[in-house]
Amino acid sequence: MQYAHLGRTGLKVSRLALGTMNFGDATDEAASFKIMDSALEAGINLFDTADVYGGPQSPDMEQGYGLSEEIIGRWLAQGGGRREQIVLATKVYQPMGTGPNDKYLSAYKIRKAAEDSLRRLQTDHIDLYQMHHIDRSTPWEEIWQAMEQLVREGKVIYVGSSNFAGWQIATAQNAAASRSFLGLVSEQSLYNLSARTIELEVIPALRHYGLGLIPWSPLGGGLLGGALKKAQEGRRAKPQMQDIIERYRSQLEAYEALCAEIGEQPADVALAWLLHNPVLTATIVGPRTPEQLATSRRALDVHLSKETLDKLDEIWPGPGGEAPEAYAW
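Below is a summary of the structure that appears in this document. What you see is a predicted model; the values in this text were computed from it and never measured.

### Looking at the packing of helix H6 (residues 166-178) against helix H7 (residues 202-209)
Reasoning step 1: Interaxial distance between H6 and H7 falls to 8 Å at its minimum, and their mutual angle equals 25°. Comparing the axis directions of H6 and H7 gives the class roughly parallel. The segment H6 lies against H7, with Gly166, Ile169, Ala170, Gln173 and Asn174 engaging Val202, Ala205, Leu206 and Tyr209.
Reasoning step 2: Tallied by class, residues from the contact of H6 with H7 come to six nonpolar, three polar and no charged.

Below you can see the structure in the form of C-alpha cells.
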C-alpha cells in the first residue's frame, strides 16, 4: 500500500480510502466485516463513512439511518487493535431526524451529531470530521467554535469538508486563521475523468491552502469501470444508467479502446488517472464485495505515460484549465 500526508498535516493515510456508503444497504453486515478485514490486511487505513449512510433516506421521514456507522462500530468492537490501525472519517450535515435542528451545521447540530456518531461507531474520537455540504445559513464563527470545542474535548482530531466550492474553502480557511485554528485539512469532491469541474477553482484552492483532495465517485457511478462491456450487469442495467451510457457512448468506445491498447482495465486507469494528481491524498473506493476491493488495488501499480494522459484529456476534456485562464485571457 502507498501512503500520503493528509493535506498539510503530519498524518499519513492510504492512497486508497475505503468508502462504506454501501454498508447496510447494498452490502450486509457479514460482507461489510469481510471487506473491512480485507482492507486492513491490504494496508488501507482510511475508512470513510457518514452519519446518513446505510440506506436511502426514508421518503416519509426524510432522515438517515446511521447503519453504516453502526456496522463499523460493531466491527471495531471486536477489538484486536482495529481502532488503533485506522483513520476513521465520518460526516455531519444531512438530516438525521425530523426536528428543525436535526440537519445542517448549527453548533447545536454539530455537537449532537458528533455524540451520536461516536455512539454508533463505538469509539471515543473521530479522526476526520467532515462537513458533508456547505451550510449557507450558519456563520463560520459558529461552525468553528463548535468544531474547536470538539477538538479541545479530544472527540475530533481533524476537520474536513465535502462538496465545497473554491471560494467557500477560502472563506472557511480565512475564518479559521483569524481564530488561530487549523481549519480544514481535506476536501471530498466529485471528481473523475467524466466530471472535472473542480479543476476550475476547487483544486487551485486546495493547492493554495494545503488541503488534501479525496475524490468521491472516482468511477462515475460505474461509467468508467468498463460500462460498455458490462452494460447489462448490476447498476449499469438500470434504465437511468443506460441513458447515461448512450449519452457518452462515443467517448466510452474511445476510452475502453485506449485501455485495451495499454493492457489495463478501465476502472484501474480511471483510478490511476486520479492518483497521478499531486493535490490528491487518497481516492475513495466503495466496494460492495471483498472481490471488488481486491481489484481496486491494481490501480496503485498502473503507470500512465504522458502520451496516455494526453489521450485521456482528448477523450474526457476538462473545463479548459484553471480559472480564470480557462475562460479569460
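### Section: the sheet that holds strand S8 (residues 184-190)
Reasoning step 1: Taking strand neighbours across the sheet as the criterion, the eight strands line up as S9-S8-S7-S6-S5-S4-S3-S10 in an open arrangement whose pairing is parallel. Each edge of the open sheet carries a strand with a single partner, namely strand S9 (212-216) and strand S10 (283-285). For this sheet, the mean inter-axis angle between neighbouring strands, taken without regard to orientation, is 30°.
Reasoning step 2: Bridge analysis of strand S3 (residues 16-19) against strand S4 (residues 46-48) gives two bridges, and the strand direction is parallel. When the bridges of S4 are listed, glycine 19 appears paired with aspartate 48.

### Observations concerning the pairing of S8
Reasoning step 1: Within S8, six of the seven residues are buried, which leaves it mostly tucked inside the rest of the structure.
Reasoning step 2: The sheet contact formed by strand S7 (residues 156-162) and S8 spans three bridges and is parallel. Counted as the bridge partner of valine 159 is leucine 184 from S8.
Reasoning step 3: With respect to chirality, the unit in which S7 leads through H6 into the neighbouring parallel S8 is right-handed.
Reasoning step 4: In terms of strand pairing, S8 meets S9 through five bridges, oriented parallel. For glutamine 188, the partnering residue across the bridge sits in S9 and is isoleucine 214.
Reasoning step 5: Traced from S8 through H7 to S9, the parallel crossover comes out right-handed.

### A few points about the packing of aromatic side chains
Reasoning step 1: Applying the stated criterion across every chain yields a total of eight aromatic pairs.
Reasoning step 2: Where tyrosine 191 meets tryptophan 273, the ring centres are 5.4 Å apart and the plane angle is 50°; that geometry is what we call tilted. In this pair, tyrosine 191 is assigned in the loop between S8 and H7 and tryptophan 273 in helix H10 (residues 266-275), connecting sequence segments 82 residues apart.
Reasoning step 3: Using a relative accessible area of 4% as the deciding quantity, one classes tryptophan 273 as buried.
Reasoning step 4: Judged by centre distance (5.9 Å) and plane angle (50°), the ring pair of tyrosine 248 and tryptophan 316 falls under tilted. Of this pair, tyrosine 248 sits in the loop between helix H8 (239-247) and helix H9 (249-262) while tryptophan 316 sits in the segment after helix H12 (306-315), and the two are 68 residues apart along the sequence.
Reasoning step 5: Take tryptophan 316: its relative accessible area is 1%, and that puts it in the buried class.
Reasoning step 6: Among the aromatic residues, ring-to-ring pairing joins Trp140, Trp144, Phe164 and Phe181 into one connected group.

### Describing the pattern of salt bridges
Reasoning step 1: Applying the stated rule across the entire model yields 18 salt bridges.
Reasoning step 2: The residue arginine 82 makes a salt bridge to aspartate 37 at a minimum N-O spacing of 3.7 Å. Taken together, the positions of arginine 82 in helix H3 (residues 82-85) and aspartate 37 in helix H1 (residues 29-41) put the pair 45 residues apart, joining distant regions of the chain.
Reasoning step 3: A residue is classified by how much of its surface remains accessible, and arginine 82, at 17% relative accessible area, is buried.
Reasoning step 4: Among the residues examined, aspartate 37 registers a relative accessible area of 28% and is labelled partly exposed.
Reasoning step 5: With its nearest N and O atoms 2.7 Å apart, the salt bridge here joins aspartate 48 to lysine 91. Of this pair, aspartate 48 sits in strand S4 while lysine 91 is found in strand S5 (residues 87-92), placing the two residues 43 residues apart along the sequence.

### Overview of H6
Reasoning step 1: In a regular helix each residue adds 1.5 Å, so 13 residues correspond to 18 Å; H6 covers 19 Å between its end C-alpha atoms and thus fits that length.
Reasoning step 2: Inspection of H6 places Gly166, Gln168, Ile169, Ala170, Ala172, Gln173, Ala175 and Ala176 among the buried residues, and these make up the whole buried set.
Reasoning step 3: In this fold, the buried residues of H6 make contact with helix H5 (140-152), S8 and H7.
Reasoning step 4: In the stretch just after H6, serine 180 is the one whose phi turns positive, near 55°.

### Focus: unusual backbone geometry
Reasoning step 1: The omega torsion of the bond from alanine 323 to proline 324 falls at 0°, within 30 degrees of zero and hence cis.
Reasoning step 2: Its place among the elements puts proline 324 in the segment after H12.
Reasoning step 3: The backbone of glutamine 122 sits at a positive phi, close to 55°, despite the residue not being glycine.
Reasoning step 4: Its identity is not glycine, yet serine 180 carries a phi of approximately 55°, on the positive side.
Reasoning step 5: Topologically, serine 180 is positioned in the loop between H6 and S8.

Criteria and cut-off values
- Residues numbered from 1 in each chain as written.
- Predicted model: local features only at pLDDT ≥ 70, side-chain atom pairs only at ≥ 80, totals over all residues.
- Heavy atoms only, no water.
- Axes fitted to C-alpha atoms, helices over the stretch in contact; angles between N-to-C directions.
- Helix = DSSP H or I, 4+ residues; strand = E, 2+ residues; numbered from the N terminus.
- Parallel < 35°, antiparallel > 145°, perpendicular 65-115°, else oblique.
- Contact = heavy atoms within 4.5 Å.
- Nonpolar A, V, L, I, M, F, W, Y, C, P; charged D, E, K, R; others polar.
- Pairing = 2+ DSSP bridges.
- Buried < 20%, exposed > 50% of the residue type's maximum accessible area, 1.4 Å probe, protein only.
- Right-handed = clockwise from strand over helix to strand, strands pointing away.
- Phe/Tyr/Trp six-rings, centres within 6.5 Å; stacked < 30°, edge-to-face > 60°.
- Salt bridge = Lys/Arg side-chain N within 4 Å of Asp/Glu carboxyl O.
- Expected span 1.5 Å × (residues − 1).

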